[in-house]
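For reference, the chains in residue letters:
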Amino acid sequence: MKKLAVFGATGSIGRAALEIVKSYPERFQVLGISAKTNLNLLKNLAQKFKVPYLVVENEELAKKLKASLNYSAEVLWGDRGLKELSILPEIDLLLIGISGIKGLIPTYYGLKKGKIVALANKESLVCAGGLLKKIAKQTGGKIIPVDSEHSSLFQLLNKEPFSNIEKIFLTASGGPFYKKPIREFVNITPEVAIKHPTWKMGVKISIDSATLMNKGFEVIEAQVLFDFPLEKIEILIHPQSIVHALVKLIDGSYLAHLSWPDMKIPIAYALTLFERIKLPVKELNLEEIGTLTFEKPDFQKFPCLRLAYEAVREGNFAPLILEAADEVVVSAFLERKITFDKIPYFLEKTLKEFKINFQVKEELEDILFLHQEVCQFTKNLVEKGS
Ligand code: MN3
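Keep in mind the model is a prediction, meaning the values are calculated, not measured.

1. Regarding the sheet that holds strand E5 (residues 93-96)
In step 1: With parallel pairing, seven strands are arranged side by side in an open sheet as E4-E3-E2-E1-E5-E6-E7. Pairing within the sheet leaves two strands with one partner each, and these edge strands are strand E4 (74-77) and strand E7 (142-145). Geometrically, the sheet is characterised by an average inter-axis angle of 25° between neighbouring strands, direction not taken into account.
In step 2: In this sheet, E7 lies alongside strand E6 (residues 116-119) in parallel orientation, the contact comprising four bridges. Among the inter-strand pairings, Leu119 is bridged to a residue of E7, identified as Pro145.
In step 3: Packed on one face of the sheet, helix H1 (residues 12-23) meets strand E1 (2-7), strand E2 (28-34) and E5 and runs near 155° to E2.

Okay, structure coming up:
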């Protein structure tokens, strides 16, 4: 029986994970769940699974939740609550479905305790990849990717010695605007941009998919996760979202991972520690799909891709700077302070102009502080720029 904590239980990753848990009660027990503010759904999930530890964003919500529960549970809150849940001795596996830099908190403390971390949070590896890998090495903690592309690569790369691998490919649907002429980008509204063609996801990641910044972050993650040279990581636009990743071997063979785009597959693969279990997912009918297409991404039209590669090349904290800037710029777009076409402009400007003015120790507090500093810097840029 695996003992789980699900961070971001009310989001799309968390809900999919709990659906799997519900189908396999003999395999999993949920000891902790967290949510930011969706109190009603968190309460329903908590009561359904009789979860002993719950985390919400603040004390007020914690009190409200505790008073409304029909059983007795420990209700924690805030960053401290995230930390406390992640280090509970009785939990073996953490699923990090929180989006944003807050996801780094349970990832960091969980790895420090040598736990298995099934990671769907992008910011953790983009902002603190080196640090997390260092900790995992020291404690024996494990990072298992849950993002569909990285889970696919993980499955493909498991079967081959490193020296056999010539290249890896992440696929991208291209998002809703892949075919749109760039001159029309200025008119894209938030309402249209959050509609992703194949995946149902949170708002921030949907915008990142529309700018392809999401794919850029995934390149950064793949580089960290698999210790693979950047020049050998490529992106292929694949609008059908059936092939999630490919690996090219030195003998000219390609291995690919195909599945219906459903996050339950990579989540279950991580939660079971690489066993295969039956899942309630739609049958992949290749005859019905008929054609799978691939093309090179357009770096001119989607400069966020170039920025991601540049950030990795620059190293230091450039990926963190890019990620923090993106958080601010995406909010500014959602609040209609800037237009869609200006997103990469502000990212690039932050990358160029932000200077780190203190000695950053590779520790959680410093990384969170640096992230905040960048956010403030980009906020000022956006205000001046519009
Ligand atoms: Mn992905």
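2. Quick notes on empty space enclosed by the protein
In step 1: Taken as a whole and assessed by the stated rule, the structure comprises two cavities of 30 Å³ or more.
In step 2: The calculated volume of the largest cavity comes to roughly 50 Å³.
In step 3: Lining the largest cavity are 11 residues; nearest its centre among them are Ser148, His244, His257, Ser259 and Pro266.
In step 4: Considering each element in turn, the lining of the largest cavity owes the most residues, four residues, to helix H7 (residues 148-157).
In step 5: Each residue belonging to the lining of the largest cavity can be placed in one class, and the counts come to three nonpolar, seven polar and one charged.
In step 6: Of the volumes computed, that of the second largest cavity is approximately 40 Å³.
In step 7: Forming the walls of the second largest cavity are Leu119, Leu125, Ile143, Pro145, Val146, Asp147, His150, Glu221 and Leu225.
In step 8: Here the lining of the second largest cavity is composed, by residue class, of six nonpolar, one polar and two charged.
In step 9: Two domains each provide a minimum of three residues to the lining of the second largest cavity, namely domain 1 (2-145) and domain 2 (147-263 + 283-299).

3. Focus on a nonpolar patch on the surface
In step 1: A contiguous nonpolar surface patch, about 310 Å² in accessible area, is contributed by Leu258, Leu286, Leu292 and Phe294.
In step 2: Within the secondary structure layout, Leu286 lies in helix H12 (residues 286-289).
In step 3: Assessed through its relative accessible area of 41%, Leu286 is described here as partly exposed.

4. A word on the environment of Lys133
In step 1: Looking at the element boundaries, Lys133 is found in helix H6 (residues 122-139).
In step 2: You can call Lys133 partly exposed: its relative accessible area is 27%.

5. Considering the sheet that holds strand E8 (residues 165-172)
In step 1: The four strands are arranged E9-E8-E10-E11 in an open sheet whose pairing can be described as mixed. Unpaired on one side and paired on the other, strand E9 (233-237) and strand E11 (254-258) mark the two borders of the sheet. Taken pair by pair, the neighbouring strands of this sheet meet at an average axis angle of 20°, ignoring direction.
In step 2: Looking at chain direction, strand E10 (residues 243-249) and E11 are connected through five bridges and run antiparallel. Across the sheet, residue Ala245 finds its bridge partner in E11, namely His257.
In step 3: Strands E8 and E9 of the sheet are contacted by helix H10 (residues 213-226), whose axis makes an angle of about 150° with E8.

Parameters at a glance
Residues numbered from 1 in each chain as written. Predicted model: local features only at pLDDT ≥ 70, side-chain atom pairs only at ≥ 80, totals over all residues. Heavy atoms only, no water. Pairing = 2+ DSSP bridges. Helix = DSSP H or I, 4+ residues; strand = E, 2+ residues; numbered from the N terminus. Axes fitted to C-alpha atoms, helices over the stretch in contact; angles between N-to-C directions. Contact = heavy atoms within 4.5 Å. 1 Å grid on protein atoms, 1.4 Å probe; cavity = no way out; pocket = protein on both sides within 12 Å on 5 of 7 lines; lining within 4 Å. Points joined across faces, edges and corners; volume = space filled by probe spheres on them. Nonpolar A, V, L, I, M, F, W, Y, C, P; charged D, E, K, R; others polar. Domains from an automatic or database assignment. Patch = residues over 30% accessible without salt bridge, like charges linked within 9 Å, V, L, I, M, F, W, Y side chains within 5 Å. Areas by Shrake-Rupley, 256 points an atom, 1.4 Å probe, with all protein chains shown as cover. Salt bridge = Lys/Arg side-chain N within 4 Å of Asp/Glu carboxyl O. Buried < 20%, exposed > 50% of the residue type's maximum accessible area, 1.4 Å probe, protein only.

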